[in-house]
Amino acid sequence: MNLADALMSLNPAQREAVTAPAGHVLVLAGAGSGKTRVLVHRIAYLADVEKVDPWRVLAVTFTNKAASEMRARAGTLLGQAERGLWAGTFHGICHRMLRQHAPHAQLPRNFQVLDQDDQLRLVKRVMREMGLSDEDLPHRDAAWFINSSKDEGRRPEVLDAQGQPRRRLQIEIYQAYEKLTRLLGVVDFAEILLRTQEMLLTQREILGHYQRRFAHLLVDEFQDTNAVQYAFVRVLAGEHAQVFAVGDDDQSIYGWRGAKVENVQAFTRDFPKVRTVRLEQNYRSTGTILAAANAVIACNSERLGKNLWTDDKAGALIEIFSGYNEVDEARYVVGRIKASMEADRRPSESAVLYRSNALSRLIEENLIAQRIPYRVYGGLRFFERAEIKDALAYLRLANSPNDDASFERIVNTPPRGIGEQTMQAVRQHANAHSLSLWQSATSASLAAKMTGRARNALTAFAGILQDIRARLEGATLSDAAEHAITLSGLRAFYEASSDSKAESRVENLDQLISAAGSYVFNDEDVAAGLNELESFLANAALEAGDGEADAWEDCVQLMTLHSAKGLEFACVYIIGLEDGLFPSGRSIDDPARLEEERRLMYVGITRARQELLLSFAESRRIHGQEHFAVPSRFLKEIPAELVREIRPRLNVSRGFTPAPRAPRMQLEEPQTLFKLGQSVKHASFGRGVLVSAMGSGENTKLLVNFETVGPKLLMANVAKLEAAA
DNA sequence: CGCCGCAGGCTTTTT
DNA sequence: GCCTGCGGCG
């Protein structure tokens, strides 16, 4: 593609950003304003006009998906020249730097990356060794503390307990955890960043090397950077590199994970002469949707200020549905999706968004009942699945026998009679003689102390591993995976299992074999001294893969509001809009956190291109308990003229609901009320007369005397009654 | 050792 | 309502 043509296709603000002269640039890019486009064009512009070798450009994103999209789009603009461009996630880039300079970061050459689950296991182990249980401090809290400290760039030594016993405990666990991870030579996600940063600060030659190389740093989603990531950009930029930061303070929704919106402002302060460009023209949503988004986000006080506008026409009104309960809500939403499909919309054009994963269940049930294909995002990704990690652990242990974490993971998976008792002995023997678990388990001196049964079990396990190892030599990656899965007994174990999930586990294991077969061994890992298997294993944690192993299908999309960021859909349904749920009850009392929730709402609204439906339920079962809720405050922040409110057809009148709650929303549509003695129609029972009503709210039951089937007791919110003449 | 049953717990999660 | 962790029993 011709760059001039490409530049002409940009709007003035986009063009200003893309063609900005030498210096730092901050692009405040509103939702749907073409920020990826700007980033990609900037890379092309630098190459084409400024004659910057793409090799000297580093583009940083947060997700692998965004990184590969950027690479692909830069490729279409640049052609061959795109090769050499370093585009990746913060973690991917730092990981690569650590691999390259492992010894300078005090890491073994084939150090391992711990994912969340691995980390938690290690925290548990550390706490167990300290004599602490989950009751002293929940394991999750301890892991959380460690991660947020690292995100802030803090090592345990610089932390102060501030006289708080709980905090002291957290610091002690962090300290012990750190000691253990260094001993094992493993790094968690936060450590990848922090360790890289520390390496750059202490190893001047390495820093100089990268500073000389990178003339341009482009950072996507700048509002999501945490303290360490910001410091990384700063130190890498040094005095000479130009930083092109793109972000939207209104879409900062990861504050709870250490992201600092303040970095956006800090950028203009810490870097000299920053040129700020605002992208405010939105190319995604209708005027109505945009107006709603603007109105909601305007309720936040901490903003850099931006107002989205569009050339698009107003479009349909936003619908607000108020259901009696979650069942009602789900039925309505799925009904609407079905109707839109009947109007020739593809399933994948609709997305149901929610604040918390638990809300997907009922929607799923209804979609299944309606035979609508759907896909739930989130949950475990491919390489996070237990069976996959088990198989990888066999490969790891076969490749490096002294990998204790892998040993612990699979020594008794599938069950082979090596229990806690035996493992205690193995660990103790290892500790006493400074051996790895593998060395300990296979040592003759330990065997001598063991009972026959335990000894046999350990010998059998060792035999399996040796078998796998023997077949590693010269085998393709997929053969190696195949052997690990088969010889370990994992496949046989799941095939024999009657568990409902076992079948999909076997499928996943097969998927692993094909994933191994299509793995591309990269030059950097060769240069870092890894063999193909090590390279494959190293990348598994970092690129955990997609939520589903299946190929993309034309499905209704279900996901949390968080994971919807960056995506767009023709029709968006945001459910569970109740105070306490969204905004989350945990954020409601804290103004700063409430603003983050509001930004989440803003993100949700701006995902919609054409249609937006917001729904809440007056009562909802949460954790098995009935809760009555007030509609989300965010609903009231949307101007009434943009909204059409919908109530279910059947509304129980005051006549037989003893204590109706005051309606919070002004209802524009007339309610259809049923009176005692009225003729009604039911989908399957036909005509009848409403005889009596009992109970209240969600539990309201109606007694209807049907002409054909006689009297029936119906749940008011389930039976779709219509008034009959 | 390993299975089963019960009690308690619980946002969001790019990497 | 569903997953996790622990305690008891076969």
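Throughout, residues of each chain are indexed from 1 in the direction in which the sequence is written. Each chain takes a letter, starting from A, and each ligand takes a number, starting from 1, following the order in which they are written. A pLDDT threshold of at least 70 governs which residues receive local features in this predicted model, and a stricter bar of 80 or more applies before side-chain atom pairs are shown or counted, although totals over entire chains, interfaces and linings include all residues. Side-chain measures were taken over the full set of non-hydrogen atoms in the model, leaving aside hydrogen atoms and water.

S.K.: I tried to follow the overall build of chain A on my own but got confused; where do I start?
M.R.: A run of H or I in DSSP becomes a helix once it reaches four residues, and a run of E becomes a strand once it reaches two; helices and strands are each numbered from the N terminus. Check the secondary structure of chain A and you find 29 helices and 21 strands. Against the 2.2 N^0.38 benchmark of 27 Å for 725 residues, chain A shows a C-alpha radius of gyration of 29 Å, consistent with a compact globule. A sequence separation of at least 24 residues applies to 74% of the contacts in chain A between residues at least 6 apart. Here, Shrake-Rupley sampling with a 1.4 Å probe gives the accessible areas, and only protein chains in the shown set may cover a residue. Carbon and sulfur atoms form 50% of the exposed surface of chain A, whose accessible area is close to 32600 Å². In this setup the radius of gyration rests on C-alpha atoms only. A globule is expected at 2.2 Å times the number of residues raised to 0.38. A contact between two residues is defined here by any heavy atoms of the two lying within 4.5 Å.

S.K.: Please clarify how the domain arrangement of chain A should be interpreted in this entry.
M.R.: Size of an interface, as often reported, equals the accessible area lost when the parts are brought together. With domains assigned, chain A is organised as domain 1 (3-100 + 194-281), domain 2 (112-184), domain 3 (297-381 + 548-664), domain 4 (384-532) and domain 5 (679-723). Boundary definitions for the domains trace back to an automatic or database domain assignment. With centres defined by C-alpha atoms, the gap from domain 1 to domain 4 works out at 41 Å.

S.K.: Quick question: what am I supposed to make of the confidence of the model for chain A here?
M.R.: Segments scoring low in pLDDT should not have their predicted coordinates read at a detailed level. In the predicted model, chain A carries a mean pLDDT of 88, and 90% of its residues have values of at least 70. The predictor attaches a confidence to each residue, and that confidence, scored 0 to 100, is pLDDT. Every residue in residues 651-672 is under pLDDT 50, and counting partners more than four places away or in other chains gives 39 contacts.

S.K.: Looking at this structure, how should I read the sheet that holds strand 3 (residues 86-89)?
M.R.: Each strand in a sheet pairs with its neighbour through backbone hydrogen bonds, running either in the same direction (parallel) or in the opposite one (antiparallel). If DSSP finds at least two bridges between two strands, the strands pair. Strand order across the open sheet formed by six strands is 3-2-6-7-1-8, with parallel pairing between neighbours. The open sheet terminates on both sides in strands that have one partner only, identified here as strand 3 and strand 8 (275-279). Between one strand axis and the next, the sheet turns through 15° on average, direction left out of account. Where strand 1 (residues 25-29) meets strand 7 (residues 242-247), four bridges bridge the pair, whose relative direction is parallel. When the bridges of strand 7 are listed, Leu-28 appears paired with Gly-247. Every axis in this analysis is a line fitted to C-alpha atoms, fitted for helices over the stretch in contact. Angles between the N-to-C directions lie between 0 and 180 degrees. Docked against the sheet, helix 11 (residues 227-237) engages strand 2 (57-61), strand 6 (216-219) and strand 7, running at close to 165° with respect to strand 6. On top of the sheet, helix 12 (residues 262-270) reaches strand 1, strand 7 and strand 8; it is set at about 155° to strand 1, its chief contact.

S.K.: Even after reading the chapter, I still don't get the pairing of strand 17 (residues 679-682), so can you show me in this structure?
M.R.: Look at any regular strand and the pattern is simple: side chains alternate between the two faces of the sheet. Because side chains alternate across strand 17, one face comprises the buried residues Val-680 and His-682, and the other comprises Ser-679 and Lys-681, none of which is buried. Across three bridges, the pairing between strand 17 and strand 21 (residues 721-723) is antiparallel. For Val-680, the partnering residue across the bridge sits in strand 21 and is Ala-723. Think of it in three bands: with a 1.4 Å probe and only protein chains considered, a residue is buried below 20% of the maximum accessible area for its type, exposed above 50%, and partly exposed in between.

S.K.: Can you walk me through the side chain of Asp-248 in this structure?
M.R.: As for its position among the elements, Asp-248 is in the loop between strand 7 and helix 12. Taking relative accessible area as the criterion, Asp-248 reaches 2% and is therefore assigned buried. Throughout this description, a polar contact denotes any pair of N or O atoms lying within 3.5 Å of each other; where both atoms belong to protein, one of them has to be capable of donating a hydrogen while the other can accept it, and for residues adjacent in sequence the pair is counted only when both atoms sit in side chains. Only 2.9 Å separates the side chain of Asp-248 from the side chain of Gln-251, close enough to count as a polar contact. Aside from chain neighbours lying at most four places away, what touches Asp-248 is Ala-29, Gly-30, Ala-31, Gln-223, Lys-306 and Tyr-602.

S.K.: Looking at this structure, how should I read the nonpolar core?
M.R.: If you look at the biggest cluster of nonpolar residues, it comprises 48 residues, and the most contacted ones within it are Leu-392, Leu-395, Phe-407, Phe-461, Leu-512 and Phe-536. Counting residues per element, this core draws most heavily on helix 21 (residues 452-472), at nine residues. Beyond its immediate sequence surroundings of up to four residues, Phe-407 is in contact with Leu-397, Met-423, Leu-437, Trp-438, Ala-441 and Phe-461. Put simply, a nonpolar core is a bunch of buried Ala, Val, Leu, Ile, Met, Phe, Trp, Tyr and Cys residues held in one set by side-chain atoms that sit within 4.5 Å of each other. Judged by nonpolar contacts, the second largest core, of 45 residues, contains Leu-58, Leu-107, Val-243 and Leu-542.

S.K.: Please clarify how helix 26 (residues 532-542) should be interpreted in this entry.
M.R.: Think of an α-helix as 3.6 residues a turn; residues three or four steps apart then line up on the same face. Among the eleven residues of helix 26, ten are classified as buried, and the element is accordingly described as predominantly covered. Buried within helix 26 we find Leu-533, Glu-534, Ser-535, Phe-536, Leu-537, Ala-538, Asn-539, Ala-540, Ala-541 and Leu-542. Where helix 26 begins, one side-chain oxygen reaches toward the backbone nitrogen of Leu-533, 3.0 Å away; that side chain belongs to Asn-531.

S.K.: Before we go on, may I ask you to explain the protein's contact with DNA strand C in this structure?
M.R.: Here a residue is considered near a molecule or strand provided that any single heavy atom belonging to it is located within 4 Å of it. Taken together, the neighbourhood of DNA strand C is formed by Lys-124, Arg-361, His-623 and Gly-624. Contact between DNA strand C and Lys-124: a phosphate oxygen at 2.7 Å from a side-chain N or O atom of the residue. Of the residues belonging to the surface near DNA strand C, the class tally is no nonpolar, two polar and two charged. For this classification, Asp, Glu, Lys and Arg are treated as charged, while Ala, Val, Leu, Ile, Met, Phe, Trp, Tyr, Cys and Pro are nonpolar and the rest, including Gly, are polar.

S.K.: In this structure, what is going on with the packing of helix 7 (residues 139-151) against helix 9 (residues 189-202)? I would like to understand it.
M.R.: Pairs of packed helices are described in terms of their axes, by the angle between the two and the distance that separates them. Contact geometry of helix 7 with helix 9 gives a least axis separation of 9 Å together with a crossing angle of 25°. Judged by the inter-axis angle, helix 7 sits roughly parallel to helix 9. At the point where helix 7 passes helix 9, the crossing takes the left-handed sense. Within the contact between the two elements, helix 7 uses Asn-147, Lys-150 and Asp-151 and helix 9 uses Ala-190, Glu-191 and Leu-194. Any angle that falls under 35 degrees is termed roughly parallel, while one over 145 is termed roughly antiparallel, one within 65 to 115 roughly perpendicular, and all others oblique. By convention the crossing between two helices is left-handed if the near helix lies anticlockwise of the far one by an angle smaller than a right angle, and right-handed if it lies clockwise.

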